[in-house]
Each structure stands twice: as C-alpha cells, then as structure tokens.
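# Structural overview for review
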Amino acid sequence: LGGTSLHVNVDAKSGSVAVTVVDGAGVIVAVSEPVTGDQPRAEFRWKFGDLASVRGKTVSLRFSLHNARFYSFWCE
C-alpha cells in the first residue's frame, strides 16, 4: 500500500460501496464507512482503523458493492 488515503470512482446513486482492509496475516486492519452517490473522486472515511499502520505493506482490499458501479481505486 503506497499511501494513507484510499479513493474510488463509483456510481452508487442507488446503493453503496465500502471496503475492508486486510493485512498479510489475514487480520482486518480497517473498515470504511459506505460511499454513496455518483462519486468520481470519493475518499473513504474509516469506521475502524486506518491505512497509516499498513503503509508500505502488502494488504488485500475487499470492496463490497450494493447496487453500485465500480470504476477505479487509488491511494494517495
């Protein structure tokens, strides 16, 4: 992971997109608030954890979509 903020381009006008961040050992390190609406540059906010503790490490991102279209993601 190359940054401390995670962004998405999504169309979730009728739904939502959320993400769970899992470290290399399979431990959940962050869970996001859902993103809704037509969002070309949305930044995830965190219910639990953040990305600072895993910056520069290998992680898995588990995106959960409900009635949404997912276009891209990036870290800054």
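What counts, and at which threshold
Residues numbered from 1 in each chain as written. Predicted model: local features only at pLDDT ≥ 70, side-chain atom pairs only at ≥ 80, totals over all residues. Heavy atoms only, no water. Helix = DSSP H or I, 4+ residues; strand = E, 2+ residues; numbered from the N terminus. Buried < 20%, exposed > 50% of the residue type's maximum accessible area, 1.4 Å probe, protein only. Core = buried A, V, L, I, M, F, W, Y, C linked by side-chain atoms within 4.5 Å. Contact = heavy atoms within 4.5 Å.

### Quick notes on unusual backbone geometry
Leave glycine aside and you will find that most residues have negative phi; peptide bonds, for their part, are mostly trans. Positive phi values are uncommon outside glycine, yet asparagine 67 reaches one of about 50°. Relative to the helices and strands, asparagine 67 is located in the loop between β5 (59-66) and β6 (69-75). Judged by relative accessible area, which is 53%, asparagine 67 ranks as exposed.

### A look at the nonpolar core
Membership of the largest hydrophobic core comes to 15 residues, with the highest contact counts inside it found for Leu6, Val8, Val10, Val17, Val21, Val35 and Phe44. Among the elements that make up this core, the one with the highest residue count is strand β1 (residues 6-23) (7 residues). Each residue touching valine 21, except ones within four places of it in the same chain, is listed here: Val27, Ile28, Val29, Ala30, Trp46, Leu51, Val59, Ser60 and Leu61.

Taken by themselves, the reported measurements are silent on function.
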